[in-house]
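Architecture and fold: a report
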Amino acid sequence: MVLSTTEPVAGQVEGHWEGEIDIPNQPLAIKVDLLPGDDGWHGTIDIPAQGATGLPLDPVKVVADEDGVSVEFTIRGVPGNPTFKGRPVDDSLKGTFSQGGATLGFWLGRPAIAGPVRPQMPKPPFPYAAEEVMVDAGPVELAGTLTVPDKDPPFPAVLLISGSGPQDRDETLFGHKPFWVVADHLSRAGIAVLRIDDAGIGGSTPHPSPPTTADFAKDAAACVALLAKDLRFGRVGLIGHSEGGLIATLLASERDDIDFVVLLAAPGVSGTELMRKQNERVFEAAGFGEDRTSALLKLIDRLFADLVADLPDDELRERVDAIALEQLAVNGIVDIALDDPRVQAAVEGAINPWMRHFLRLDPQPALQRITVPVLALNGDLDLQVDAEQNLGAIEAALRAGGNPQSTIHRLPGLNHLFQHAKTGLVDEYGQIEETIAPQVLDLIRDWILNVGQ
């Protein structure tokens, strides 16, 4: 039978768990939260090494049988249908993890681990109201928070647009909540801020089919429309981070109800160019040798050429399978089966609709059509969106389009999250206490308050 939320055995399952999937030679750390409710069980999973936070688990099944209690949950919307099946054993959960035909072990425990220090986490009293909103975006409903300054309207309003991957309204990453920090800073200064759970995350409903950047742009457009019709707001702008900056670029080039744009580590070149440079810089920062880097970049060039070509699905998968095996071999992982989860995770990540669409996108035409003021910022330690490559392209496109008011800043010592960093590598993000450099917060605030005045 399926357990009700009132049965004592539910206590064996509910709550916070931390552990790992037993991937050979490189266990993958995970964090899981399981909670009972009147309408059944709910859950989320964090995968810190992949920067994934709050991924929804659906369905979550808790069953009592003659052998005791069993638990099963699946990560919603992820290729390969990743599923955990286990049982409580001495205050732990143990069992099997399966994805794309491969099966591994997993375990979860209840460690008492102190959370990282995050000194910029907003604290009351808050001189603004926080309104919970639902936005009708066609096939999806988007849940969010609108912070409204405690002052007489009208005042500016901005929509925060998150980067790639499933993000909640705070853009929670590695224990940081950058969008909450930004919203708090701006709303204290008299700027309304709308931040939204991505479709399929938090209180937002999922897209009916795997989404692309174009789908996310439609979601953001519905949020802009909500702000534009609110009489409390004078000017309406966008703040987009990473892929969110690309979305902001696309919207600002098409709509006449957007008054200003802030691009934070936004692409200025095509997805293919951006991601090749991203890999090159990551290999360099990680200390890869010249031969290894050259071999990997050649494989990436092959991969991207295949992904943007119009190949039959079977032929594309066959080519990407081969490239994935070659990449692992270059990295010292040999004698590995094609159905190994490391191979299939790489393949599924490459051939999904988002990746193929993103690689083809070129923001240059859209940037040239933007006529409203633009503030573009990049950190020079950003390994994901290279500052030299992308800021230069953004500035050139805005100039070519005759943009009347653009401000460009390359910020020393800052990474992709605009933290003060040493290497810019992803594994630093969670170790750094700073969520976002205070000077960046002030720069954004002052520019918004002064632009268009």
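1. Examining the overall build of the protein
Within the protein, the secondary structure is distributed over 11 helices and 16 strands. Rg of the C-alpha trace for the protein: 23 Å, near the compact-globule value of 22 Å for 453 residues, within the 12% margin. Principal-axis analysis of the C-alpha atoms places the extent of the protein at approximately 70 × 55 × 40 Å. Among the 453 residues that make up the protein, the fraction classed as buried is 51%. In the protein, the share of contacts with a sequence separation of at least 24, taken over all contacts with a separation of at least 6, comes to 62%.

2. Some details on the environment of F233
Topologically, F233 is positioned in strand β13 (residues 233-241). Note: C-alpha distance between F233 and V148 (85 residues apart in sequence) is 9.6 Å. Those residues in contact with F233 that sit more than four places away from it in its chain are L146, P154, F155, A157, A192 and L227.

3. Observations concerning the packing of aromatic side chains
All told, the structure shown has nine aromatic pairs when counted by the stated rule. When the centroid spacing of 5.9 Å and the interplanar angle of 50° are considered together, the rings of F155 and F233 count as tilted. Taken together, the residues F155 in strand β11 (residues 155-161) and F233 in strand β13 connect sequence positions 78 residues apart. Residues F155 and F233 agree in their burial class; the two are buried. Seen in terms of ring centroids, W354 and F358 are 4.9 Å apart; in terms of plane orientation they differ by 15°. Their pairing is stacked. Residue W354 and its partner F358 are both found in helix α8 (residues 353-360); the two are separated by four residues, about one turn of the helix. The pair W354 / F358 is uniform in exposure class, with both members buried. Each residue in the set F73, F84, F97 and F106 is aromatic and connected to the rest through ring pairs, giving one cluster. Note that R110 overlies the ring of W17, its terminal NZ or CZ placed 3.6 Å from the centroid.

4. Considerations on the sheet that holds strand β1 (residues 15-21)
Taken together, the eight strands give a closed barrel; going around it, the order is β1-β2-β3-β4-β5-β6-β7-β8, and neighbouring strands pair in antiparallel fashion. The mean inter-strand angle of the sheet, taken between neighbouring strand axes irrespective of direction, is 30°. Here β1 runs beside strand β8 (residues 102-109); their pairing, made up of four bridges, is antiparallel. Bridge pairing links E18 to G109 in β8.

5. What to know about the pairing of strand β15 (residues 374-379)
In terms of burial, β15 is a largely internal element, six of the six residues being buried. In this sheet, β15 lies alongside strand β14 (residues 260-264) in parallel orientation, the contact comprising four bridges. Following the sheet pairing, L264 is matched in β15 by L377. The pairing of β15 with strand β16 (residues 406-411) spans six bridges and is parallel.

6. Quick look at empty space enclosed by the protein
Applying the stated criterion to the full structure yields two cavities of 30 Å³ or more. Of the pockets and cavities examined, the largest cavity occupies roughly 250 Å³. Surrounding the largest cavity, 20 residues form its lining, I161, S162, D198, F216 and D219 being those nearest its centre. Elements with a contribution of two residues or more to the lining of the largest cavity: β11, α2 (213-228) and α3 (243-254). Tallying contributions element by element places α2 first for the lining of the largest cavity, with four residues. Lining the second largest cavity, in full, are E171, P178, F179, V182, H241, L264, L417, F418 and I436. With three residues, helix α1 (residues 178-188) is the largest single contributor of residues to the lining of the second largest cavity. Across the lining of the second largest cavity, the residue classes break down as seven nonpolar, one polar and one charged.

7. What to know about the nonpolar core
Of all hydrophobic cores here, the largest spans 59 residues; its most connected members are L307, I444 and I448. The element that contributes the greatest number of residues to this core is helix α5 (residues 290-308), accounting for seven residues. For I448, the residues in contact, after removing those within four places along its chain, are P156, V158, L186, I191, R235, I239, F260 and V262. In terms of nonpolar packing, the next biggest core, distinct from the first, is built from 42 residues, A192, L194, L227 and V261 among them.

8. Comments concerning the sheet that holds strand β12 (residues 192-196)
In space, the eight strands of this open sheet follow the order β9-β10-β12-β11-β13-β14-β15-β16, with mixed pairing throughout. With partners counted over all chains shown, the strands left at the sheet margins are β9 (128-137) and β16, one partner each. Each strand of the sheet is rotated relative to its neighbour by a mean of 20°, with strand direction disregarded. Sheet analysis places β13 next to β14, joined by five bridges and oriented parallel. Bridge pairing in β14 links I239 to V262. Each of β11, β13 and β14 is contacted by α3, which is oriented at about 140° to β13, the strand it contacts most. Across the sheet, helix α10 (residues 387-400) lies against β14, β15 and β16, angled at about 170° from β16, the strand it touches most.

Conventions and cut-offs
- Residues numbered from 1 in each chain as written.
- Predicted model: local features only at pLDDT ≥ 70, side-chain atom pairs only at ≥ 80, totals over all residues.
- Heavy atoms only, no water.
- Helix = DSSP H or I, 4+ residues; strand = E, 2+ residues; numbered from the N terminus.
- Rg over C-alpha atoms; globule rule 2.2 N^0.38 Å.
- Buried < 20%, exposed > 50% of the residue type's maximum accessible area, 1.4 Å probe, protein only.
- Contact = heavy atoms within 4.5 Å.
- Phe/Tyr/Trp six-rings, centres within 6.5 Å; stacked < 30°, edge-to-face > 60°.
- Lys NZ or Arg CZ within 6 Å of the ring centre and 35° of its normal.
- Pairing = 2+ DSSP bridges.
- Axes fitted to C-alpha atoms, helices over the stretch in contact; angles between N-to-C directions.
- 1 Å grid on protein atoms, 1.4 Å probe; cavity = no way out; pocket = protein on both sides within 12 Å on 5 of 7 lines; lining within 4 Å.
- Points joined across faces, edges and corners; volume = space filled by probe spheres on them.
- Nonpolar A, V, L, I, M, F, W, Y, C, P; charged D, E, K, R; others polar.
- Core = buried A, V, L, I, M, F, W, Y, C linked by side-chain atoms within 4.5 Å.

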